[in-house]
Amino acid sequence: MNILSVTSGNWLTSLIQTVNSWVWSPALVALCLLAGLYFSLRTRFVQVRRFGEMFRLLFFPNGRNNKDKSASPDQKKKGITSFQAFAMALSGRVGTGNIVGVATAIGLGGPGAIVWMWIIAFFGAGSAFAEATLAQIYKEDHNGQFRGGPAYYIEKGLHSPFFGSLFAVMAALACGFFLPPVQCNGIAISMSQTLSVAPWTIGIGVALLIGLVIIGGVKRIANVAQIVAPFMAFLYIILSIIVLAVHIDIVPAVFIDMLRSSVGAGQVGSAILGSTIAWGVKRGIYSNEAGQGTGPIVAAAAKVTHPVKQGLVQAFSVYIDTLLVCTATALMILACGTYNVIDTIQHLPNGGVSVSYLVQNPQAPLGEPGVFYTSAALSSLTGRRLGDGIISFALFFFAFTTIMAYYYYAETNLVYLFSRFRMRKLRNMQNIVQAERDTNSSSDVNRQWMESEERMLSDMQEDYRRADSTFGDDRGEKIVIWILRISTISAVFIGSMLGSGIVWTLGDIGVGIMAWINIISILLLSPKAINSLRDYERQQRLGVNPRFDAEALGIKNADFWKDY
């Protein structure tokens, strides 16, 4: 069944849809599911066995007194707390995907798509654990800010600077340009209807607020995220429980319908089973980010004594996102019947949209699936004006904190690219000096030239060392970071004026490419994550606060842990 078809009248839309179909082929869907299953089996379902510990590590990563007695005063000032890293990861995960994305999954894949979102979240928690643990193993210290993620562990663990740089470039583009418009688009569509203003005015307001936060760097982002993200998630879940309490008599039937649809039961379910699985997995990955490669970027920023600690915390954030917040949205929509199951969406040459339906409910808004499914569900209880206002308010804070996280992801990958560029220039200079030393060491002229070159090399080493230890000290890096900030702010504004379909598709392309690179990488590096888990559990059995020793585990290039 062709769920999304595009006419040839708009060649750009056709091209974007074609690229998206290549990236999100059945192979990627299978890879995401199989990777999650693999890590779950290899870790003996650590996401289940260590569930209670995940919650404890949020607040007490070093035991009940929560003090790392072996850390120096300088070390204690560096990085961010485990809870702040969790809140930043949660802010990246809990966004428009939880409100708009869930509605899209239901509209294009039917109620059963939510079950597949649960499945990818459960197994994806295993992938999230592995990638966050690897990010901690291979992280680096940049003037008190811990930086890490797929680019770092691909280079250091797989000895592949090329693919590390490739991921960094794709992540900087996706998180700095493709993904922020998706979040602002959801805000603009919802709030423009609620406030009766033009979407571009909402875009300006969001762009200005984002600018105020991201210019302050990771500390300001973490401080905002640790307050806003958990509070809004809790408030939204409470609100959904109230709605479900009113419709409690039909909730059991809703669960049965979801389960039947997930396996293709019924005439409609069998017709769209492939789309049910694909949209559930796609929206699940977009929402909880497990395997996507963005979660480990913020996981690396936390200060912990053992990488596995943050791996467990990041696995817990997947549960919060999908099993709680996404489920809350889905049950509201399904219990209130404010959804349609769509057969085809045709983008017409004149810019219009033609939609045909497989299932059409009288309470559901017409047109493409989106935030209106969720607001219509809430409006059935509160009235339209209040319902739209509440959803707009929730969507604003969810999407706003997600944009903050996206910026941090992009910034970290730019820091990686510039640090590697400096290292490459330095190595080239060292090779030139060494070659000249080997061939021209006798004459006074050559000796003077060598002394001059070595002084220049020493100065270059000091400049690069200072640029790496003091974020933004390098002039070129500083210019590019400011370009990124301006581009992110601009992308937020532009997203408020674009159609939702094309914006979401661009976001899907960015997420898909990153997932391809990252999932293959963590599978290849899985022995290191598994051995780290065994080491962590061994130390726990001895009754000590686990500390990481990379050399004892035979893990090379984990230089951060030598001095920690």
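Draft legend 1. Region of the structure containing the overall build of the chain. From N to C terminus, the chain includes 23 helices and 4 strands. Counting over 564 residues, the chain shows a buried share of 57%. Partitioning the intrachain contacts of the chain with sequence separation of at least 6 by distance along the chain shows that 82% fall at a separation of at least 24.

Draft legend 2. Structural view of the packing of helix α9 (residues 150-158) against helix α10 (residues 161-195). Between α9 and α10, the least distance of the axes is 7 Å, while the angle of their chain directions is 175 degrees. As the angle between them shows, α9 and α10 are arranged roughly antiparallel. On α10, the residues that touch P150, A151, I154 and E155 of α9 are P161, F163, G164, F167 and A168. Its residues assigned to classes, the contact of α9 with α10 shows 7 nonpolar, 1 polar and 1 charged.

Draft legend 3. Layout of the pattern of salt bridges. Across all of its chains, the model carries 9 salt bridges by this definition. With a shortest N-O distance of 3.4 Å, R56 and E53 are connected by a salt bridge. Within this pair, R56 and its partner E53 are both found in helix α4 (residues 51-59), separated by 3 residues, close to a single helical turn. For D535, the salt bridge goes to R538, with nearest N and O atoms at 2.9 Å. Separated by 3 residues within a single helix, D535 and R538 lie in helix α23 (residues 526-541), roughly one turn from each other. Residues joined in a network through salt bridges with shared partners are R44, R49, R50, E53, R56 and E537.

Draft legend 4. Up close: the environment of F393. For F393, the position within the fold is in helix α19 (residues 384-439). Under the relative-accessibility criterion, F393 is labelled partly exposed at 42%. The spatial distance from the C-alpha of F393 to the C-alpha of I187 is 8.7 Å, given a sequence separation of 206 residues.

Draft legend 5. Quick look at the packing of aromatic side chains. Throughout the structure, instances matching the rule amount to 14 aromatic pairs. Considering the side-chain rings of F55 and F316, the 6.1 Å spacing of their centres and the 70 degrees angle between planes classify their relative orientation as edge-to-face. Placement of F55 in helix α4 and of F316 in helix α17 (residues 307-336) is noted, with a sequence separation of 261 residues between them. Exposure remark for F316: the relative accessible area of 8% places this residue in the buried category. Ring plane angle 25 degrees and centroid distance 5.6 Å describe the contact between F396 and F400, whose orientation is recorded as stacked.

Draft legend 6. Region of interest: the nonpolar core. Counting residues in hydrophobic clusters, the biggest one holds 77 residues, and the most contacted among them are L134, Y153, V206 and Y409. Ranked by the residues each element gives to this core, the list is headed by α19, at 14 residues. Judged by nonpolar contacts, the second largest core, of 24 residues, contains V115, L331, L334 and Y373.

Draft legend 7. Highlighting the environment of Y236. Along the chain, the position of Y236 falls in helix α12 (residues 217-246). A relative accessible area of 2% means that Y236 is categorised as buried. Considered as a pair, Y236 and L395 are 159 residues apart in the sequence and their alpha carbons are 9.9 Å apart. Leave out the neighbours within four places in its chain, and Y236 touches I99, V325, A328, T329, M332, T374, I391, A394 and F398.

Draft legend 8. Focus on the packing of α17 against α23. For the pair α17 and α23, the least separation of the axes is 9 Å and the interaxial angle reads 105 degrees. Judged by the angle between their axes, α17 and α23 are roughly perpendicular. Contacts from V308, K309 and L312 in α17 reach S532, L533 and Y536 in α23. Residues belonging to the contact of α17 with α23 are distributed by class as follows: 4 nonpolar, 1 polar and 1 charged.

Draft legend 9. Examining a nonpolar patch on the surface more closely. Side chains of F234, I238, I241, I242, V246 and L381 sit close together on the surface and give an oily, nonpolar patch of about 540 Å² of accessible area. Here the nonpolar patch takes 5 residues from α12, the largest share from any one element.

Draft legend 10. Spatial organisation of the side chain of E537. Residue position: E537 is located in helix α23. In contact with E537, other than residues within four places in its own chain, are R44, R49 and R50.

Draft legend 11. Quick look at unusual backbone geometry. Phi is positive for R44, close to 55 degrees, though the residue is something other than glycine. Tracing the chain through its elements places R44 in the loop between α2 (26-42) and α3 (46-49).

Draft legend 12. Molecular detail of α23. For α23, built from 16 residues, the straight-helix expectation of 22 Å at 1.5 Å per residue is met to within 8% by its first-to-last C-alpha distance of 23 Å. By the burial criterion, the buried members of α23 are S526, A529, I530, S532, L533, D535, Y536, E537 and Q539. The positive-phi residue at the C-terminal boundary of α23 is G543, with phi of around 80 degrees.

Draft legend 13. Representation of helix α18 (residues 371-382). The terminal C-alpha atoms of α18, which comprises 12 residues, lie 16 Å apart, in line with the 16 Å expected from a rise of 1.5 Å per residue. Those residues of α18 not exposed but buried are V371, Y373, T374, S375, A376, A377, L378 and S379. G383, located one to two residues past α18, shows a positive phi value of around 95 degrees.

Cut-offs and rules
- In this convention, every chain numbers its residues from 1, walking through the sequence in written order.
- Where local features are concerned, this predicted model is filtered to residues with pLDDT of at least 70; where side-chain atom pairs are given and counted, the filter is 80 or more; whole-chain, interface and lining totals use all residues.
- The side-chain figures draw on all heavy atoms in the structure; neither hydrogens nor water molecules are used.
- Comment: elements are numbered from the N terminus, with helices defined as DSSP H or I runs of at least four residues and strands as E runs of at least two.
- Note on exposure labels: buried denotes an accessible area under 20% of the residue type's maximum, exposed denotes more than 50%, and partly exposed covers the range between, all computed with a 1.4 Å probe on protein chains only.
- Only heavy atoms matter for contacts: two residues are in contact if any of them lie within 4.5 Å across the pair.
- Simply put, an axis is a line fit to the C-alpha atoms, just over the touching stretch for a helix, and the angle between two N-to-C directions goes from 0 to 180 degrees.
- Any angle between 65 and 115 degrees counts as roughly perpendicular, while under 35 counts as roughly parallel, over 145 as roughly antiparallel, and the rest as oblique.
- Gly counts as polar in this scheme, as do all residues outside two lists: the nonpolar Ala, Val, Leu, Ile, Met, Phe, Trp, Tyr, Cys and Pro, and the charged Asp, Glu, Lys and Arg.
- Any Lys or Arg side-chain nitrogen found within 4 Å of a carboxyl oxygen on Asp or Glu counts as a salt bridge.
- Each Phe, Tyr or Trp ring, with Trp reduced to its six-membered ring, pairs with another whose centre is within 6.5 Å; inter-plane angles below 30 degrees give stacked pairs, above 60 give edge-to-face pairs, and intermediate values give tilted ones.
- Nine residue types can take part in a nonpolar core, namely buried Ala, Val, Leu, Ile, Met, Phe, Trp, Tyr and Cys, and a core is a set of them joined through side-chain atoms within 4.5 Å.
- The patch calculation keeps residues exceeding 30% relative accessible area without a salt bridge and links them within 9 Å when they carry like charges or within 5 Å when they are nonpolar (Val, Leu, Ile, Met, Phe, Trp, Tyr).
- Using a 1.4 Å probe, accessible areas were evaluated by the Shrake-Rupley method; residue-level cover was limited to the displayed protein chains.
- The span you would expect from a helix comes to 1.5 Å times its residue count less one.

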